[in-house]
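Report on the structure
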Amino acid sequence: PLVGLPFAQNALDLNEMGNPVDRASLEAFRDDAGEIMNEWENACLRANSLPPVETFKALMRCAHNLKGNAGLMGFNALRDAVHELEERLMNLSQA
């Protein structure tokens, strides 16, 4: 199924939509996801020293970015799980 695709030789796997994921894109996603998770961790560690609204904004930004990146890569299960996390964060903020 990958024959004739210009980047098929670099494809590592297929995303959930059955499209090939090239090595460079996967590495960029992994690097970005790592940075996002570091930001998430830092926001959690600083939660007691920052106003709650600042912690909430940081966590929402991380979730939103990870969800968007996952969607662009076609990683729909991750996108949907992070979307659910965003909704739960919103519910907590309104409680």
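Just so we're clear, the structure is a prediction, and the values are computed from it rather than from any experiment.

Each value, and the rule that gives it
- Residues numbered from 1 in each chain as written.
- Predicted model: local features only at pLDDT ≥ 70, side-chain atom pairs only at ≥ 80, totals over all residues.
- Heavy atoms only, no water.
- Helix = DSSP H or I, 4+ residues; strand = E, 2+ residues; numbered from the N terminus.
- Buried < 20%, exposed > 50% of the residue type's maximum accessible area, 1.4 Å probe, protein only.
- Contact = heavy atoms within 4.5 Å.
- Areas by Shrake-Rupley, 256 points an atom, 1.4 Å probe, with all protein chains shown as cover.
- pLDDT = per-residue confidence, 0-100.

Quick notes on the overall build of the chain
- Looking only at helices and strands, the chain has three helices and two strands in total.
- Beginning at the N terminus, the succession of helices and strands in the chain can be written as β-β-α-α-α.
- Put simply, the chain has 95 residues, and 27% of those count as buried.
- The contacts in the chain between residues at least 6 apart in sequence include a share of 47% that link residues at least 24 apart.
- In the structure as shown, the chain presents an accessible area of about 6,500 Å², 57% of it carried by carbon and sulfur atoms.

Concerning the environment of Glu39
- Mapped onto the secondary structure, Glu39 falls in helix H1 (residues 23-45).
- In sequence terms Glu39 and Leu59 are 20 residues apart; their C-alpha atoms lie 8.2 Å from each other.

Considering the side chain of Thr55
- Locating Thr55 in the fold gives a position in helix H2 (residues 52-73).
- In this structure Thr55 comes out as buried when scored by relative accessible area, which is 10%.

Notes on the confidence of the model for the chain
- Residue-level pLDDT values for the chain average 84, and 81% of them are 70 or greater.
- Element-level pLDDT for the chain is lowest in strand S1 (residues 11-14), with a mean of 54, against a maximum mean of 95 in H2.
- Across residues 1-11, where pLDDT falls below 50, the model places 13 contacts with residues more than four positions away in sequence or in other chains.

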